[in-house]
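Summary of structural features
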Amino acid sequence: MSEIISANDGNFESFIQGHPMVIVDFWAPTCMPCRLMEPGLEKIAASHPEKVRVLKVNVNENPKTSSRFFVRTLPTLLFIKDGQVRTQIVGAVNPVQIEKTLNEVS
Amino acid sequence: MEKNWDVIIVGGGPAGLAAAIYCGRALRKTLVLEKKVFGGQIVFSDIIENYPGFAEPIVPADLMEQMAKQSERYGVVLENDEALGLVREGENWRVDVYQNTYTAKAILYAAGSAHRFLGVPGEQELLGRGVSVCATCDAPFFQGKKVAVLGGGDTALYEALHLAKFASEVTLIHRRGQLRAERILQERVFKNDRIKVLWDSEVQRFQGAQKLEALDVLDKKTNRVEPMACDGAFLAIGTIPNTGLLKDLVQLDENGYVVTDISLRTEARGLFVSGEVIKGNRRQVAISVGMGVQAALNCEEYLASLD
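Note that the coordinates shown come from a computational prediction; the quantities given were computed from them, not determined experimentally.

Details of the environment of Gly11(B)
All names here are of chain B.
- With respect to the helices and strands, Gly-11 occurs in the loop between strand 1 (4–10) and helix 1 (14–25).
- Residue class for Gly-11 comes out buried when judged on its relative accessible area of 6%.
- Placed 100 residues apart in sequence, Gly-11 and Ala-111 show a C-alpha to C-alpha distance of 4.1 Å.
- Once residues lying within four places of it in the same chain are set aside, the contact partners of Gly-11 are Gly-16, Val-32, Leu-33, Glu-34, Ala-110 and Ala-111.

Here's the deal with the environment of Gly24(B)
Residues and elements named next belong to chain B.
- Along the chain, the position of Gly-24 falls in helix 1.
- Judged by its relative accessible area of 2%, Gly-24 falls in the buried class.
- Residues Gly-24 and Tyr-74, spaced 50 residues apart in sequence, show a C-alpha to C-alpha distance of 4.9 Å.
- Filtering out sequence-adjacent residues up to four positions away, Gly-24 remains in contact with Thr-30, Tyr-74 and Val-76.

Some words on the layout of surface pockets
- As a volume, the second largest pocket reaches approximately 750 Å³.
- Lining of the second largest pocket is provided by 33 residues; of these, Gly40(A), Lys43(A), Pro95(A), Phe38(B) and Asn80(B) occupy positions nearest its centre.
- Elements with a contribution of two residues or more to the lining of the second largest pocket: helix 2 (32–47) and helix 4 (95–105) of chain A together with helix 2 (60–73), strand 3 (77–79) and strand 6 (100–109) of chain B.
- Counting residues per element, the lining of the second largest pocket draws most heavily on helix 2 of chain A, at eight residues.
- The class makeup of the residues in the lining of the second largest pocket is 17 nonpolar, seven polar and nine charged.

Some words on the sheet that holds strand 10 (residues 169–173) of chain B
Residue and element names in this part refer to chain B.
- Taking strand neighbours across the sheet as the criterion, the five strands line up as 8-15-9-10-11 in an open arrangement whose pairing is parallel. Both edges of this open sheet fall to strand 8 (131–132) and strand 11 (195–198), since each of them pairs with a single strand only.
- Where strand 10 lies against strand 11, four bridges are found, and the strand directions are parallel. Residue Val-170 lies in a different strand from strand 11, and its bridge partner there is Ile-195.
- Its contacts with the sheet place helix 4 (residues 154–163) against strand 9 (146–150), strand 10, strand 11 and strand 15 (232–235), and it is angled at close to 165° to strand 9.

Let's talk about the interface of chain A and chain B
- Contacts between chain A and chain B engage 24 residues on the former and 30 residues on the latter.
- Between chain A and chain B the total buried area reaches about 2300 Å² when both faces are included, carbon and sulfur atoms providing 58% of it.
- In terms of surface lost to chain B, no three residues of chain A exceed Leu36(A), Phe70(A) and Arg72(A), which account for 32% of the buried area on that side.
- Where chain A touches chain B, the interface holds two salt bridges.
- We note a salt bridge from Asp62(B) to Arg35(A), for which the minimum N-O separation is 2.6 Å.
- For the side of chain A that touches chain B, the secondary structure elements donating two or more residues are helix 2, strand 5 (84–90) and helix 4 of chain A.

Focus on the sheet that holds strand 5 of chain A
Residue and element names in this part refer to chain A.
- The strand order across the open sheet built from five strands is 1-3-2-4-5, with neighbouring strands paired in mixed fashion. Each edge of the open sheet carries a strand with a single partner, namely strand 1 (5–6) and strand 5.
- One ladder, built from six bridges, connects strand 2 (residues 21–27) with strand 4 (residues 76–81); its direction is antiparallel. Along strand 4, the bridge assignment pairs Asp-25 with Leu-77.
- Packed onto the sheet, helix 2 meets strand 2, strand 3 (53–58) and strand 4 and runs at close to 165° relative to strand 2.

A word on the domain arrangement of chain B
All names here are of chain B.
- Per the domain assignment, the segments making up chain B are domain 1 (4–114 + 239–306) and domain 2 (117–235).
- Each of domain 1 and domain 2 was reduced to a C-alpha centroid, and the two centroids are 31 Å apart.
- At the junction of the two partners, domain 1 supplies eight residues and domain 2 supplies eleven residues.
- Both sides of the domain 1 and domain 2 interface together cover about 680 Å² of buried area, and 37% of this is carbon and sulfur.
- Our count for the contact surface shared by domain 1 and domain 2 stands at two salt bridges.
- Put simply, Glu-49 and Arg-188 hold a salt bridge, and the shortest N to O gap is 3.0 Å.
- Summed over the shared surface of domain 1 and domain 2, the number is five residue pairs in polar contact (both at pLDDT 80 or more).
- Per-class residue counts for the side of domain 1 that touches domain 2 are two nonpolar, three polar and three charged.

Examining the pattern of salt bridges
- Within this structure, the stated rule accounts for 21 salt bridges over all chains.
- With a closest N to O distance of 2.7 Å, Arg68(A) and Glu13(A) form a salt bridge. Of the two residues, Arg68(A) is situated in helix 3 (residues 63–68) and Glu13(A) in helix 1 (residues 12–17); the sequence distance between them amounts to 55 residues.
- Lys165(B) is the salt-bridge partner of Asp46(B), the closest N and O atoms lying 3.8 Å from each other. One end of the pair, Asp46(B), is in the loop between strand 2 (30–33) and helix 2; the other, Lys165(B), is in the loop between helix 4 and strand 10, with 119 residues separating them in the sequence.
- By relative accessible area, Asp46(B) is classed as buried at 16%.
- Through salt bridges with shared partners, a single ionic network connects Arg35(A), Asp62(B) and Glu65(B).

What about the nonpolar core?
- Of all hydrophobic cores here, the largest spans 124 residues; its most connected members are Ile23(A), Leu74(A), Ile8(B), Ile107(B) and Leu108(B).
- Here the element with the most residues in this core is helix 6 (residues 285–306) of chain B; it accounts for nine residues.
- Of the residues that make up this core, three or more belong to each of domain 1 (4–114 + 239–306) and domain 2 (117–235) of chain B.
- Residues within four places of Leu74(A) in sequence aside, it is in contact with Phe26(A), Trp27(A), Ala28(A), Cys31(A), Cys34(A), Val59(A), Cys137(B), Asp138(B) and Phe141(B).

Parameters and conventions
Residues numbered from 1 in each chain as written. Chains lettered and ligands numbered in written order. Predicted model: local features only at pLDDT ≥ 70, side-chain atom pairs only at ≥ 80, totals over all residues. Heavy atoms only, no water. Helix = DSSP H or I, 4+ residues; strand = E, 2+ residues; numbered from the N terminus. Buried < 20%, exposed > 50% of the residue type's maximum accessible area, 1.4 Å probe, protein only. Contact = heavy atoms within 4.5 Å. 1 Å grid on protein atoms, 1.4 Å probe; cavity = no way out; pocket = protein on both sides within 12 Å on 5 of 7 lines; lining within 4 Å. Points joined across faces, edges and corners; volume = space filled by probe spheres on them. Nonpolar A, V, L, I, M, F, W, Y, C, P; charged D, E, K, R; others polar. Pairing = 2+ DSSP bridges. Axes fitted to C-alpha atoms, helices over the stretch in contact; angles between N-to-C directions. Buried area = accessible area lost by both parts, 1.4 Å probe. Salt bridge = Lys/Arg side-chain N within 4 Å of Asp/Glu carboxyl O. Domains from an automatic or database assignment. Polar contact = N/O pair within 3.5 Å; in protein donor to acceptor, adjacent residues only side chain to side chain. Core = buried A, V, L, I, M, F, W, Y, C linked by side-chain atoms within 4.5 Å.

Rendered as structure tokens:
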């Protein structure tokens, strides 16, 4: 069973290079929609451990990674396949929509 | 997952969750569908100070989590999925979601409202790149920067006050010469050195390539448009009701709101409404909660008549 991994500016690259399909959840402690979306992301991480790795990046502590992807709104989800950003979701969404996007991208 | 329900509540904000508590306690098989996050739009705010019963400001997400848990305590099922179709079939209602279908004897529609946008050039292109609808979420990106808040109601002023803790300068841009917000919030804004108000002004364009760089602001008194350098712009110009699923079922006004009375019934049998989808709702959590309870009690009366 896979779970959400906390990534940072130092190890982010190794995580996205180390798995063909990655969802990155950019969040901050003050972002309440981010907090409320987390259980849905946990379910996705747990139900597709082979298919996808789910990372979370705290934007307050990891400005390099957030700037690299021009993240200026939370929550933002990036869908990265083979090291390349394929699509993103900006704003709060339900897990069904995340799963749907994952299926379209992967 | 159970397919057949007594009540399906569309929307998991204050109205929907308050209704859910009452439906659960009436021992009705109750499903709540929420398309974004449980708690509704209020969870985008950092504090709530006027919800009766709390002497100190509370975090809206905490309040709404408690409401959700309270409903689950009475057997209500909360499903984070979007209602995509709503159809009357014989004596029941059918609700379509992505890859699934449910039926219910009654529907309690409390889908709330969505952020209103200006619809001017650059707005959608720069959404998420400086243009935002959630100061609580995005304020940390604007530490020491210049931001603008568009609007003049409670939400706009709360956003301005929150942003003033991070940004070097906050400009509140309002299209009128006076604010609609609570007087206590106005007082705080006027006293805050980092916030200035631009009266009788409207944003006509959001400028920037990779990210927001400036706003074109129309001064309605002089009819002149001037660029204003800006790193972030937060929209708080009201909402539009999420009533797309109701348009062929009930009477809506010209702005898409449901027209009903205190009964919160509609002309469609077994379809009740609640919260911000209703014409005249003043967008307060306490009001939506009360309406949710009212709709749930009337819904229960309807279900009892079918028993």
